[in-house]
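# Results of the structural survey
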Amino acid sequence: MTSARGTILHTITTAQWLRGLMAILLAFVSGGIASCQETQATQYDGSWESLQKMPVPAWFDDGKIGIFIHWGPYSVIGYKKGGRGYAEHVPKLLYDDSQHYYSYMDQRWGAHPPEFGYKDIIPEFKAENWDPEAWAKLFADVGAKYVVLTAEHHDGWANWDSDLTPWNAVDKGPKRDLVGDLGKAVRKQGLKYAPSYHRERHTGFFANEKYVVHSDPRPDIAEEIKRVPEAASLYGPFSYDKAFVDDYVARWKEIQTKYQPDFLWMDDFPIYTRDGNQVRAGKMKPEIQYMDNSLRGMITDFMNDGAARGQAVYVNNKGANRNWPDGVGCLEKDNLKLKVIGPKWQSCTTFGTSFGYLEGDKYKTIESVIHEMVEVISRNGNFLGNIGPRADGTIVPEQLERLHAMGDWLRINGDAIYGSRYWKQSDQTDEHLVFTTKGKNLYAIKMTEPQKPFTITGTKGWNANQVTSVRLLGSDAKTTWEMTPQGLQITPPKNFGQSKYAWTFEIVTDREQHVPNVIQNDASEALKGTKKVDLEGHDTSQRAVPMGPAHPAMKPCVLPGSTVVIETASSADGFQKLVPSLASGRKVTANPATRNDPLNSLTDGKLAAGIGPVFGNGVRGGAYKMDLGSAQSVSVITSWSHNWKGIRGAQKIVLYGSDAATDPGWDLT
């Protein structure tokens, strides 16, 4: 459309195309425990008080670094509305937000529930390119000491060879025992193994209400079950009744018996503080009382089973509202960052915003991953870094990049990490220092490049005889030091050697540096001030920080003599009202900070670089200049975003014009 003065305004909005049986006899009853076997190892009597005495295994306390893997049929989807957050929750969101996701399913699969639902996506989870041996070698090479693979997430799918549900990886989907095959591979590498168990939220996952004792299936779920009765054992049950609890315990017992895990990893139990329950305060409905008793028995059986085999096993205690009394296992939350030295804890940490595979996820910088790992360990934590592989078993490049960077850093600085303990203080903010200890060694890890001398104020009062030597790990250059009234002053060498992102100074002293009594043993106090993340992965501690500068809301104006024509099409040849003309050969210059597929069709210009605009899908910064020379008619601009699966997304393009005599170019925002 062209104005009388050659000034053009063209707005195009493309529409959105988002193309049973019990096989195991339970060895415990309500509130009871498995029959004890006489061994030389510690036995647990079935009480919480007994379980609170469980020791932290040396392999866990010393190992520090683990790999978490969220992998299942949800990995097929690889998509989430808004492009951020927990993609492993999308199976329920397909039904919760049907207005959005049904359109997406129609575009991608040609149908939506109840004709086509989550159960019908499962055959696409094939793991056809998966090599468990290669995974295990990768995890060992990057410095992990244990591996946690999702055995079952909230969706009811079993990644192991299960006799209790037909919805398992041997009978459907990959047709192989994912849990068993990976377990064999990682143990060959000398790593510990922990299939994780998330079934505690399954009753509400496909239900009308999420965190209540009794719910009902969503209407389309009920219809799917009516049409395919076998789906009932995938989507349901929908209540925390005795049958569900017994099945919950039986599934874990099957994992325990077949794979002998080193760790019992369970997700947090929202029902413990919802629907009138306050379990740890002693207030709960009968069904939840039965559940808590059964879980106490399950944990006891696991601990005693490990002891009987001489296996040092452990448990986690997930959530800000802990599942179990404090002391039963390690404290844990998603992306947990204690600000103090706490009781033994673990942070299951995402590299991006999702645990499961999410195409185009926004990833943390390598530097921030390394810093987070070091800070967690300095405060008595373990770093459980998460990856979300694709459905075919391949790991996305951004995740591999961060894993390899961790491995590179740990190969140089591992002495400050493995087998380390906390110091009397975890950090010194004015010099960006983080501390760990090992025996008589104090490790001062500088989180900024050490360009000038710095002083460790926590060593104030030391004398020169207390320090034997100081060196920068990864560098052969000499590090000089001296004792000052303010503490040990270190002058870094000019050559930093091989290390990047964080630099470790090993200070050899004449005495033990670990100070055990500085722990904040009260878990509630230790958790104060940490980031609050809800059950969907959203940060609720403060207003969400936008991914980048948002474009201001614009109201298109129509200049006299101009006409606005809006047309949508899924391809360049689909436009009828505004038929594309031949390209002029002019260029569009794109902001190089932006990354996306190039514009597919632009009649009056070509992209100067292989970078295209990103609009409503969460990435920002798009500034694009159309170099048209003198003002001329723009017959049409067509643009649409395609993700890596070829699914079209929504875009809005606003072209702002100005007088050709003063500004011959155009800005697209």
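For the structure, see preceding data.
This structure is a prediction, so every number in the text was calculated from the model and none was measured. (Residues numbered from 1 in each chain as written. Predicted model: local features only at pLDDT ≥ 70, side-chain atom pairs only at ≥ 80, totals over all residues. Heavy atoms only, no water.)

### Digging into the overall build of the protein chain
In terms of regular secondary structure, the protein chain is built from 16 helices and 24 strands. In the protein chain, buried positions account for 56% of the 669 residues. Of the accessible surface of the protein chain, which amounts to about 27,000 Å², a share of 50% is contributed by carbon and sulfur atoms. (Helix = DSSP H or I, 4+ residues; strand = E, 2+ residues; numbered from the N terminus. Buried < 20%, exposed > 50% of the residue type's maximum accessible area, 1.4 Å probe, protein only. Areas by Shrake-Rupley, 256 points an atom, 1.4 Å probe, with all protein chains shown as cover.)

### A few points about the environment of K362
Tracing the backbone through its elements, the reader meets K362 in the loop between β8 (345–350) and α14 (366–378). The class for K362 is partly exposed, based on a relative accessible area of 32%. Linking K362 and R84, residues 278 residues apart in sequence, is a C-alpha distance of 7.3 Å.

### Topic: helix α15 (residues 397–413)
Over its 17 residues, α15 extends 24 Å from the first C-alpha to the last, a length consistent with the 24 Å expected when each residue adds 1.5 Å. Buried residues of α15: E398, Q399, R402, L403, A405, M406, G407, W409, L410, I412 and N413, and no others. Looking at the buried side of α15, the elements it contacts are β2 (65–69), α7 (132–141), α14, β9 (381–387), β12 (441–446) and β17 (503–509). (Expected span 1.5 Å × (residues − 1). Contact = heavy atoms within 4.5 Å.)

### Describing the sheet that holds β2
Within the closed barrel, the eight strands sit side by side as β2-β3-β4-β5-β6-β7-β8-β9. Their pairing is parallel. For this sheet, the mean inter-axis angle between neighbouring strands, taken without regard to orientation, is 25°. Across the sheet, helix α13 (residues 286–308) lies against β5 (263–266) and β6 (314–318), angled at about 155° from β5, the strand it touches most. (Pairing = 2+ DSSP bridges. Axes fitted to C-alpha atoms, helices over the stretch in contact; angles between N-to-C directions.)

### Notes on the side chain of R251
Within the secondary structure, R251 is located in helix α12 (residues 242–259). For R251, the side chain forms a polar contact with the side chain of E152, separated by 3.1 Å. Ignoring sequence-local partners within four residues, the contact set of R251 consists of E152, G156, W160, L164, T165, Y197, R199 and S233. (Polar contact = N/O pair within 3.5 Å; in protein donor to acceptor, adjacent residues only side chain to side chain.)

### Observations concerning α7
For α7, the complete set of buried residues consists of P132, W135, A136, L138 and F139. Buried residues of α7, seen end-on, are gathered within an arc of 160° and therefore sit on one face of the element. Where the residues of α7 are buried, they touch β2, β3 (146–152), α8 (178–188), β9 and α15. Between the side-chain oxygen at the start of α7 and the backbone nitrogen of E133 there is a gap of 3.1 Å, and the oxygen is on D131. Positive backbone phi, at 100°, marks G143, one or two positions downstream of α7. (Arc of directions from axis to C-beta.)

### Description of the pattern of salt bridges
For the structure shown, the criterion picks out 40 salt bridges. A salt bridge links K119 to E224; the nearest nitrogen and oxygen atoms lie 2.7 Å apart. Here K119, found in helix α6 (residues 118–121), pairs with E224, found in helix α10 (residues 219–227); they are 105 residues apart in sequence, far enough to count as distant. Across the pair, E224 and K119 agree in class, each one buried. The closest approach of N and O atoms between E254 and K258, which form a salt bridge, is 4.0 Å. (Salt bridge = Lys/Arg side-chain N within 4 Å of Asp/Glu carboxyl O.)

### Some words on the sheet that holds strand β10 (residues 427–428)
Taken in spatial order, the five strands line up as β10-β11-β12-β17-β14 in an open sheet, and their pairing is antiparallel. Either end of the sheet is taken by a strand with one partner, and the two such strands are β10 and β14 (467–472). Those strands touched by α14 are β11 (433–438) and β12, and its axis lies near 50° from that of β11.

### A look at the packing of aromatic side chains
For the structure on display, the rule yields 37 aromatic pairs. Look at F205 and F206: their rings are 5.2 Å apart centre to centre, the planes differ by 90°, and that puts the pair in the edge-to-face class. A single burial state applies to F205 and to F206, both of which are buried. What links up through ring pairs into an aromatic cluster is the set W48, Y197, Y240, F244, Y248, W252, F269, Y272, F302 and W324. The residue whose ring lies beneath K145 is Y418, and the NZ or CZ to ring-centre distance is 4.7 Å. Stacked on the ring of W167, the Lys or Arg K172 has its end atom at 4.7 Å from the ring centre. (Phe/Tyr/Trp six-rings, centres within 6.5 Å; stacked < 30°, edge-to-face > 60°. Lys NZ or Arg CZ within 6 Å of the ring centre and 35° of its normal.)

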